[in-house]
Each structure stands twice: as structure tokens, then as C-alpha cells.
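Overview (structure and organization)
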Amino acid sequence: MQHGKYRFIVGFLALPLGLYALFVVWPFIQSIYYSFTDWTGLSPEFKMVGFDNYSRMLDDDIFWKSLQHSLLFALLLPVVTIGLALFFAFMINVGGRKRRNGPVITGVRGSGFYKIVYFFPQVLSIAIVALLFAFAYNPDSGAINSLLRGIGLADVQPLWLGDPDLALWAVMGVLVWSTVGFFVVLFSAGMASIPAEMYEAALLDGANRVTTFFRVTLPLLWDTVQSGWVYMGILALGAESFAVVQIMTTGPGGPDYSTTVMVLYVYQKAFRDGQAAYATTIGVALLVVTLAFAAVVMRLGRRERLEY
């Protein structure tokens, strides 16, 4: 069985690794290389400028604003999204009361309907979601302010996306709404694989819902939660935040750069301002932030694997 084992492994891995190196690793290497040049992205001619782009980035106030916003996304969005998803998934799968002639462990009534409701935003494109909420946040004719006027709160009429103090939080709310359903389904699948005998034993010992969640569900689901945390952080730092900010906000990234995130700033410098080299420099900084985030989450979340 050992004869030719390594040739067999190399034969299967050569093509996938080659494609990964060509389409993932090589673009990263190119970006790092271009960050040391003055390439505009429009001309094939450029020259090496050393660390000038990095010095410029460190003196760029807008870069520091975008970094602050991206870090806020990476820290808060996973906490809120994962927390809500765990709560909803637990109630759907385990949080119901025992019914007559029914199983001991069950979800709340109508759990099947709730699964569909929570997953519905995943059916919509993030661009559609952003457009819908852009209309809803309209201070004059939007659904949210119209609802406030309808319930007698006409004096409370926020500008939402037009208010520098509220715009970023409004965008974060959209990201939570659009992503929480995916994690509800993910965690529901993980909870369904936990043996019911463990929950029944906890109930016989007098455990309530809170104790059952923290003593049984969360420890056995921890690997899935950790993976979801990293995935949500990458979404918050990357494509999801870019799409929502680009479509919903004025500028985009406004007002007064209050919603500018790093990935949007990369796009603006590369395609709006024709400063591709400087854009790749910011992209390198975004790569470092993303890798650091993943490393910290994996390190802090490391714990002994529980078998069941």
C-alpha cells in the first residue's frame, strides 16, 4: 500500500495547488511588488520608488479613518452576528418546551418557518439588499422614518446615511441583517448533530436553557463557531462591506469619510484616482489586518476538541 503513495498524492495535488498559486498567491506577490512602484494602472511604464507609498500611507488621514472603520467592522460585526445566530439557532433547535407525546428536545413552535425567514436575506444579492435599505433609510420618503411618523414620533427623524454619526452604524445594521441567516443555518446543522441524550441528561440534572447552552451546546459547537467567526470577520473586512458602503452611502464613503472602509479606499485609489500603486499599498495593509485578525481569533479560540 505504501508503494507509489507520494506520487499518487502529488498527482492529485499538483493541479489544485498550481491553480491556487496562479490565481491566489501570484496576485498577492504582484500587489506587494507594485506597492514599491509609482504605477498608475493605466500605463505599462513605471519605476521603483521604494517605501514612498508606505510613508504616504502612514501620513494619510483618510487611510487611518478607513482602518478604524474596518477594525470596528471586524470586531463588532462578528460579535453581534454570531451572537444572534447562536441564539436563534438554539431556540429553533433546542429552546422549545416539551410537548405532549413529543420529543424531549425540540425547537420553538414554528421553527421551520423561522428557518426560512432567517435564511431569506441569503437568497437576495447583497447589491439588492443595499439598494432596498438605501431606500428604507431615505429621511423623507423612507420606510423607517415613515414608520416613526406613523406611530407618533414625527420629532424623531434621523438623517441615517446623511448623518456622519449614524451612517456607519446604519451600514453595520444592514450587514448584520443580511448575514445572520447564513450562520443560523450553519449552527443549526451543527446542533442537529449533537446527540439528544446529552440534552436529556442535562435536563434530568436540572439545567435550564442558559446552562444547557453554555455547558452543552457551545462547547460541542465551538469549532463551528470559531470558523464562522473568522469567516464573518473576512466578510466584514472585504467584499460585503465594500458592496454595502459603495451602494448605500454618499460619496461613496461619506458623509465626510464617515463610512469609508479600507477595501473601498483601495477601489477608489485604483479606479477613480488612477493611483494603482498606492492602492496596492493599502491592499497590502488590508492583507496584514485580515491575516492578523484570523490569527488572533484562531489563537484565542483554541481549546481542546470535545468528542461525542
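From a predicted model like this one, the values you see are computed outputs, not experimental measurements.

A closer look at the overall build of the protein
From N to C terminus, the protein includes 13 helices and zero strands. Walking the protein from its N terminus toward its C terminus, one meets helices and strands in the order α-α-α-α-α-α-α-α-α-α-α-α-α. Reported as C-alpha extents along the three principal axes, the dimensions of the protein are approximately 80 × 75 × 30 Å. With 308 residues in all, the protein has 40% of them scored as buried. Residue pairs in contact within the protein that sit at least 24 positions apart in sequence constitute 64% of those at least 6 positions apart. For the protein, the accessible surface area stands at approximately 17,800 Å², while carbon and sulfur atoms represent 67% of it. A distance of 14 Å separates the average location of the 20 positive side-chain charges in the protein from that of its 19 negative side-chain charges.

Things to note about the nonpolar core
Within soluble globular proteins, side chains that are nonpolar generally end up buried alongside one another. Judged by nonpolar contacts, the single largest core of 67 residues is most densely connected at Phe73, Leu86 and Phe187. When residues no more than four places from it in sequence are discounted, the contact partners of Leu86 are Phe187, Met191, Phe213, Leu218, Leu221 and Val225.

Some points on unusual backbone geometry
Most peptide bonds adopt trans geometry, and most residues besides glycine take a negative phi value. The omega angle of the peptide bond from Gly251 to Pro252 is -10 degrees, so this bond is cis rather than trans. Here Pro252 lies in the loop between helix 11 (239–248) and helix 12 (262–272). A cis geometry characterises the amide bond from Gly254 onward to Pro255, with omega recorded as 0 degrees. Along the chain, Pro255 falls in the loop between helix 11 and helix 12. The phi angle at Trp160 is positive, at roughly 55 degrees, despite the residue not being glycine.

Some remarks on the layout of surface pockets
Here the largest pocket defines a volume of roughly 390 Å³. Lining of the largest pocket is provided by 18 residues; of these, Phe28, Ser31, Val266, Gly283 and Val284 occupy positions nearest its centre. Of all the secondary-structure elements, those providing two or more residues to the lining of the largest pocket are helix 1 (5–34), helix 12 and helix 13 (276–300). Residue contributions to the lining of the largest pocket peak at seven residues, all from helix 13. For the lining of the largest pocket, a count of residues per class yields 15 nonpolar, three polar and no charged.

Some details on the packing of aromatic side chains
Here the structure, examined in full by the defined rule, presents 23 aromatic pairs. Aromatic pair Phe51 and Tyr54: ring centres 6.1 Å apart, planes at 55 degrees, arrangement tilted. Looking at Phe51, the relative accessible area reads 57%, which means it is exposed. Taken together, Phe87, Phe88, Phe113, Tyr114 and Tyr118 form an aromatic cluster joined through their ring pairs. Sitting above the plane of the Tyr278 ring, Arg56 keeps its charged end 3.8 Å from the centroid.

Re the environment of Gln226
Along the chain, Gln226 turns up in helix 10 (residues 222–237). Along the primary structure Gln226 and Leu153 are separated by 73 residues, whereas in three dimensions their C-alpha atoms are 41 Å apart. Sequence-distant contacts of Gln226, defined by excluding residues within four places in its chain, comprise Val297, Met298, Gly301 and Arg302.

Some words on a nonpolar patch on the surface
A cluster of nonpolar side chains, contributed by Leu15, Leu19, Tyr20, Leu22, Phe23, Val25, Trp26 and Ile29, occupies part of the molecular surface with about 840 Å² of accessible area. Mapped onto the fold, Leu19 is located in helix 1.

A closer look at helix 10
Given a rise of 1.5 Å per residue, 16 residues ought to cover 22 Å, and the 23 Å separating the end C-alpha atoms of helix 10 matches this to within 8%. Among the residues of helix 10, those classed as buried are Trp222, Val225, Gln226, Gly228, Val230, Met232, Gly233, Leu235, Ala236 and Leu237. In this fold, the buried residues of helix 10 make contact with helix 3 (61–93), helix 7 (167–192), helix 9 (209–220), helix 11, helix 12 and helix 13.

Observations regarding the side chain of Thr37
Of note, Thr37 is situated in the loop between helix 1 and helix 2 (52–58). Judged by its relative accessible area of 0%, Thr37 is buried. Side-chain polar atoms of Thr37 contact the backbone oxygen of Tyr34, separated by 2.7 Å. Those residues within four positions of Thr37 in sequence are excluded, and the remaining contacts are Phe46, Lys47, Met48, Val49, Asn53 and Ala277.

Let's talk about the confidence of the model for the protein
When pLDDT is averaged along the protein, the result is 87, and 94% of the positions lie at 70 or above. Per-residue pLDDT, averaged within each element of the protein, yields its smallest value for helix 8 (residues 196–204) (81) and its largest for helix 2 (95).

Concerning the packing of helix 3 against helix 13
Packing of helix 3 against helix 13 brings their axes to within 12 Å, and their N-to-C directions diverge by 25 degrees. The angle between helix 3 and helix 13 falls in the class roughly parallel. In the packing of helix 3 onto helix 13, the handedness of the crossing is right-handed. Across the interface between the two elements, Phe63, Leu67, Leu71, Ala74 and Pro78 from helix 3 touch Ile282, Ala285, Val289 and Phe293 from helix 13. Each residue belonging to the contact of helix 3 with helix 13 can be placed in one class, and the counts come to nine nonpolar, no polar and no charged.

Here is what the cut-offs are and how they apply
- Sequence positions are assigned chain by chain, starting from 1 and proceeding in written order.
- Restriction of local features to residues with pLDDT of at least 70 applies here, the model being predicted, together with a cutoff of 80 or more for giving and counting side-chain atom pairs; totals for whole chains, interfaces and linings are based on all residues.
- The basis for the side-chain values is all heavy atoms of the structure; hydrogens and waters are excluded.
- A helix here means a DSSP run of H or I that spans at least four residues, while a strand means a run of E at least two residues long, and both kinds are numbered starting from the N terminus.
- Categorising residues by exposure relies on relative accessible area from a 1.4 Å probe, with only protein chains included: less than 20% of the type maximum marks a residue as buried, more than 50% marks it as exposed, and the intermediate range marks it as partly exposed.
- Two residues qualify as a contact provided that any one of their heavy atoms is within 4.5 Å of a heavy atom in the partner residue.
- Calculation of accessible area relied on Shrake-Rupley with a 1.4 Å probe; when residues are assessed, cover is drawn exclusively from the protein chains displayed.
- Charge convention: Lys and Arg are scored as positive, Asp and Glu as negative, and His as well as the terminal groups of each chain are ignored.
- Charged side chains are reduced to one point each, which is NZ for Lys, CZ for Arg, CG for Asp and CD for Glu.
- Throughout, nonpolar core names a set of buried Ala, Val, Leu, Ile, Met, Phe, Trp, Tyr and Cys residues whose side chains join them through atoms within 4.5 Å.
- A 1.4 Å probe that fits into a set of points on a 1 Å grid over the protein atoms alone but cannot get out defines a cavity; an open set with protein on both sides within 12 Å along at least five of seven lines defines a pocket, and lining residues are those with an atom within 4 Å of a point.
- Grid points are joined across faces, edges and corners, and a volume is the space filled by probe spheres set on the points.
- Here the nonpolar group is Ala, Val, Leu, Ile, Met, Phe, Trp, Tyr, Cys and Pro; Asp, Glu, Lys and Arg are the charged ones; every other residue, Gly included, is treated as polar.
- Pairing of aromatic rings covers Phe, Tyr and Trp, the last counted by its six-membered ring, and requires centre-to-centre distances within 6.5 Å; plane angles under 30 degrees mean stacked, over 60 mean edge-to-face, and any other angle means tilted.
- Geometrically, a charge over a ring is one whose NZ (Lys) or CZ (Arg) sits within 6 Å of the ring centre while staying within 35 degrees of the ring normal.
- Patch membership requires more than 30% relative accessible area and the absence of a salt bridge. Residues of like charge join within 9 Å; the nonpolar side chains Val, Leu, Ile, Met, Phe, Trp and Tyr join within 5 Å.
- Whenever Lys or Arg places a side-chain nitrogen within 4 Å of a carboxyl oxygen from Asp or Glu, that contact is recorded as a salt bridge.
- Expected helix span is computed as 1.5 Å times (number of residues minus one).
- Here a polar contact is recorded for every N or O atom pair within 3.5 Å, except that within protein the pair must consist of a potential hydrogen donor and a potential acceptor, and residues adjacent in sequence are included only if both atoms are side-chain atoms.
- pLDDT is a residue-level measure of predictor confidence that goes from 0 to 100.
- Fitted lines through C-alpha atoms serve as axes, helices being fitted only where they are in contact, and the angles separating the N-to-C directions of these axes extend from 0 to 180 degrees.
- When describing relative orientation, an angle under 35 degrees is termed roughly parallel and one over 145 degrees roughly antiparallel, while 65 to 115 degrees is termed roughly perpendicular and anything else oblique.
- For a crossing to be left-handed, the near helix must be turned anticlockwise from the far one by less than a right angle; the clockwise case is right-handed.

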